[in-house]
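Analysis of the macromolecular model
Now for the letters of each chain:
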Amino acid sequence: MLNMLKASCSLRKGVEKIMLISATRAEWYLLRNLCHEIQNDKDLSLQIIATGAHLSPEFGLTYKEIEKEFKITKKIPILLANDDKISLCKSMSLAFSAFSDAFEDLNPDTVVILGDRYEMLSMASVCLLMHIPLVHLCGGELTLGAIDDSIRHSTSKMAHLHFVSHEIYKKRVLQLGEEEKRVFNIGSLASTIIKNMNFLSKKDLEKALEMKLDKELYLITYHPLTLNVKNTQKEIKTLLKKLDALKNASLIFTKENADENGLLINEILQNYCQKNSHKAKLFDNLGSQKYLSLMKIAKAMIGNSSSGISESPFFKTPCINIGDRQKGRLRTQNIIDCEINDLDQAFEKLESKEFKQNLKNFKNPYDNDKNPNKIIKTCLKNVNLDTILHKNFIDL
């Protein structure tokens, strides 16, 4: 694989300044090992920009997790106090202005962004106008229930190199007209993280979380549907009513991202956990070790998070996926898709003999033996910056 990459990328000698941008805890979890790979290469210079939810007290000031291991090159606040449509638009405007100045000041050779967050659409646009080569991770995926889907494909069209997690996603990027020599299937970024994780025991988790974990543990993340935000309050209360009826259960909630109506969900969850502190707790940021350790021992994941779709299969942990937010992503047999009003049926399936039998045997398409971070670094290190900006559109 690495030889193929070297053949497709013309060798460029000298140190390259590679900038990675992160706005949320979820992005950082996947970018962290790539940062180590780049930082440990004597020929490369790493620049890290923290922005968005990382810098917000409401979302746990998660930039502090980055600073435990790396020096943050620049912190760029862009979030406003509200999370309605106009505030998100203004945040993107702030990002466009602030990142224009940052890119001019830091002069990166390449910029690396991940996924489909609205913040990244601003970064990609600035790169396009400033003629800075853009590297896009995790393109080609689908989330038909969220505006993220359009953002992800738009970002892919502005990017110059693509690193995707599955052959199906590679085909989608090619369908967008991208050249095959620029698109690399490197497998799941989470795969090496999970395989090398030092998991915490239940006893250690209880100490770290400062709560007693009951016989059955549920890990819950519920994001607002960005294409249908009107029913957010009703839906989260319907979910909590069902969770409240579970017996001998501990409920671990993670806060929402900086999406429209995310603050509303966080407030509802905070109130619920305060009233039910004997069995429920809400966390700003669990960190990858605690989060994955909880996923490993959970009775089920519940909500509509992408990690439920792409990471729970590594542990064969059941995932009750609610609604359309993750519609279009590659599915495995541990996923139970349901609507918010069909939770009773979903929990019945969770307990069925047939479902439990299927958990034992399914193949995880996200599992692979590749070293994605080394592949990305090697290609970036050897890319020819003199020609990378010149793209062709490939008709199918």
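To start, this report covers the structure provided alongside it. Keep in mind that what you see is a predicted model, and the values were worked out from it rather than measured.

**Let's talk about the overall build of the protein chain**
Along the protein chain, the regular secondary structure elements total 16 helices and 13 strands. Compactness check: the protein chain gives a C-alpha radius of gyration of 21 Å against a globular reference of 21 Å for 396 residues, within 12% of the reference. A principal-axis box enclosing the C-alpha atoms of the protein chain has dimensions of 60 × 45 × 40 Å. If you take every contact in the protein chain between residues at least 6 apart in sequence, the share linking residues at least 24 apart comes to 70%. When the accessible surface of the protein chain is split by element, carbon and sulfur atoms take 49% of a total near 17,600 Å².

**Observations concerning the sheet that holds strand S3 (residues 74-76)**
Read from one edge of the open sheet, 7 strands run S3-S2-S1-S4-S5-S6-S7, paired in parallel fashion. Two strands in the sheet have a free side with no partner beyond their single neighbour: S3 and strand S7 (183-185). On average, each strand axis in the sheet is inclined to that of its neighbour by 20°, with strand direction left out of account. Helix-sheet contacts for helix H4 (residues 85-106) involve strand S1 (16-22), strand S2 (44-51), S3 and strand S4 (110-114), and the interaxial angle to S3 is about 165°. Against the sheet, helix H6 (residues 148-158) touches S4, strand S5 (134-137) and strand S6 (161-164), its axis set at about 145° to S5.

**As for the pairing of strand S11 (residues 300-303)**
The alternating pattern of S11 places Ala300 and Ile302 and Met301 and Gly303 on opposite faces, both of which are buried. Relative to S11, strand S8 (residues 216-221) runs parallel, the two sharing 4 bridges. Bridge pairing in S11 places Thr221 opposite Gly303. Bridge analysis of S11 against strand S12 (residues 319-322) gives 3 bridges, and the strand direction is parallel. Note that in S12 the partner of Gly303 across the bridge is Asn321.

**Section: the pairing of S6**
Every second residue of S6 is oriented toward a common face, with Leu161 and Phe163 on one face and His162 and Val164 on the other, all of them buried. Here 3 bridges tie S5 to S6, and the two strands are oriented parallel to one another. For Val135, the partnering residue across the bridge sits in S6 and is Leu161. Following the chain from S5 across H6 to the adjacent parallel S6, one finds a crossover that is right-handed. When S6 meets S7, the two strands line up parallel, connected through 3 bridges. Within S7, the residue paired with His162 across the bridge is Val183.

**A short note on the side chain of Thr378**
Residue position: Thr378 is located in helix H16 (residues 372-382). Taking relative accessible area as the criterion, Thr378 reaches 9% and is therefore assigned buried. Of note is the side chain of Thr378, whose polar atom sits 2.8 Å from the backbone oxygen of Lys374.

**Some details on the side chain of Lys255**
When you line up the elements, Lys255 lands in the loop between strand S9 (249-254) and helix H11 (262-275). Relative accessible area serves as the criterion here: at 8%, Lys255 is assigned to the buried category. Engagement of the side chain of Lys255 in a polar contact is seen with the backbone oxygen of Glu58, the distance being 3.1 Å.

**A look at the nonpolar core**
Within the largest apolar cluster, 67 residues are counted, with the highest numbers of intra-cluster contacts made by Leu20, Leu137, Leu161, Phe163, Ile252, Leu292 and Leu294. Of all the elements, helix H2 (residues 25-39) adds the most residues to this core, at 7 residues. Discounting residues that sit within four places of it in the chain, Leu294 has contacts with Leu205, Leu209, Leu213, Leu217, Leu219, Ile252 and Leu286. By size, the runner-up hydrophobic cluster in this structure holds 32 residues, among which are Leu240, Ala249, Ile265 and Leu359.

Cut-offs applied
- Residues numbered from 1 in each chain as written.
- Predicted model: local features only at pLDDT ≥ 70, side-chain atom pairs only at ≥ 80, totals over all residues.
- Heavy atoms only, no water.
- Helix = DSSP H or I, 4+ residues; strand = E, 2+ residues; numbered from the N terminus.
- Rg over C-alpha atoms; globule rule 2.2 N^0.38 Å.
- Contact = heavy atoms within 4.5 Å.
- Areas by Shrake-Rupley, 256 points an atom, 1.4 Å probe, with all protein chains shown as cover.
- Pairing = 2+ DSSP bridges.
- Axes fitted to C-alpha atoms, helices over the stretch in contact; angles between N-to-C directions.
- Buried < 20%, exposed > 50% of the residue type's maximum accessible area, 1.4 Å probe, protein only.
- Right-handed = clockwise from strand over helix to strand, strands pointing away.
- Polar contact = N/O pair within 3.5 Å; in protein donor to acceptor, adjacent residues only side chain to side chain.
- Core = buried A, V, L, I, M, F, W, Y, C linked by side-chain atoms within 4.5 Å.

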